[in-house]
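Listed below are the residues making up each chain.
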Amino acid sequence: VLTLLSVVLEFERAVIFRLGRVVKGSAKGPGLIWFIPWLDVVQKVDLRTFSVYIYPQQVLTADSVPLLVDMVVFYRVVDPTLWFTRVQNGCDATHWLVQATLRAALGAHTLTDLLTQWPSIATRMEEVLHSGSRPWGVQVQRVELRDLKLPISLQRSLASEAEAERTARATMIVAEGEVKASRTLREAASQLSPVALRLRYLQTLASVDSNAAGSAELSDPEREELNKTKQI
């Protein structure tokens, strides 16, 4: 029987169809394989990781926000026999499956969920894609969101909302600081004796006098007390 040789590369596997049926056993390769030219048809598949780029798709979220989303999915063929016998064009089928899964996954979540819970959403997408493509001999390895574009009007609204939140937070921090300062002063005043409070008052007057051009702004009784303090 006349046979021929074919070379299967390290990252390839070959599936041999003899009279229309798959030759029993696993896919052939790497290395040299034998086949009968008038009986066999050799189909080779690349086992390296493929990437599917999904061009920007307009998706409507659960809260009716239109988004432009593009993403990349990485997958590889793990069963060459299924790849050739279960799906007509595995690359196209995987591409359409990714698009459908993307629309379904993002459409089931609100914009806030997408912005805050994207890692968990991507993980669930990987599980859905894996279960959907496994019968074709495909293993989905990773799902990466490249870009998510919001409408300009929505971007402005979110920016205004974020600025308002920052302003409100700053106001609350200042108010909390004033409350703590007032509480601290009240506690300190409750612990000081009348004599200590009087001395503190006189020290304040002395500080005011040193910062001012003179003691003209002080009243006569205050000036007299301040002079007594300096004499002491």
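Residues numbered from 1 in each chain as written. Predicted model: local features only at pLDDT ≥ 70, side-chain atom pairs only at ≥ 80, totals over all residues. Heavy atoms only, no water.

- The chain appears in an unreviewed UniProt entry as Podocin from Xiphophorus couchianus.
- Quoted verbatim from the Function (unreviewed entry) heading of the UniProt record, the comment on the chain is "Plays a role in the regulation of glomerular permeability, acting probably as a linker between the plasma membrane and the cytoskeleton."
- For the chain, the Sequence similarities (unreviewed entry) comment in UniProt is given as "Belongs to the band 7/mec-2 family." (UniProt positions renumbered as here; feature names shortened; annotations may be inferred.)

### Things to note about the overall build of the chain
(1) Moving on: Within the chain, the secondary structure is distributed over seven helices and eight strands.
(2) Moving on: With 232 residues in all, the chain has 26% of them scored as buried.
(3) Moving on: The long-range fraction of contacts in the chain, counting pairs at least 24 apart against all pairs at least 6 apart in sequence, stands at 65%.
(4) Moving on: For the chain, the exposed surface amounts to about 15300 Å²; the carbon and sulfur share of it is 56%. (Helix = DSSP H or I, 4+ residues; strand = E, 2+ residues; numbered from the N terminus. Buried < 20%, exposed > 50% of the residue type's maximum accessible area, 1.4 Å probe, protein only. Contact = heavy atoms within 4.5 Å. Areas by Shrake-Rupley, 256 points an atom, 1.4 Å probe, with all protein chains shown as cover.)

### Brief notes about the sheet that holds strand 7 (residues 66-77)
(1) Moving on: The three strands are arranged 6-7-8 in an open sheet whose pairing can be described as antiparallel. Taken across any chain shown, the strands that pair with only one partner, and hence form the sheet edges, are strand 6 (50-60) and strand 8 (138-149). Neighbour to neighbour, the strand axes of the sheet diverge by 20° on average, direction disregarded.
(2) Moving on: Where strand 7 lies against strand 8, 10 bridges are found, and the strand directions are antiparallel. Across the sheet, Val77 pairs through a bridge with Val138, a residue of strand 8. (Pairing = 2+ DSSP bridges. Axes fitted to C-alpha atoms, helices over the stretch in contact; angles between N-to-C directions.)

### Examining the environment of Pro135
(1) Moving on: Looking at the secondary structure, you find Pro135 in the loop between helix 4 (118-133) and strand 8.
(2) Moving on: On the accessibility criterion, Pro135 (39% relative accessible area) is partly exposed.
(3) Moving on: C-alpha of Pro135 to C-alpha of Trp83: the two residues are 52 residues apart in sequence and 8.5 Å apart in space.
(4) Moving on: Pro135 has contacts with Leu82 and Arg86, leaving out every residue within four places of it along the chain.

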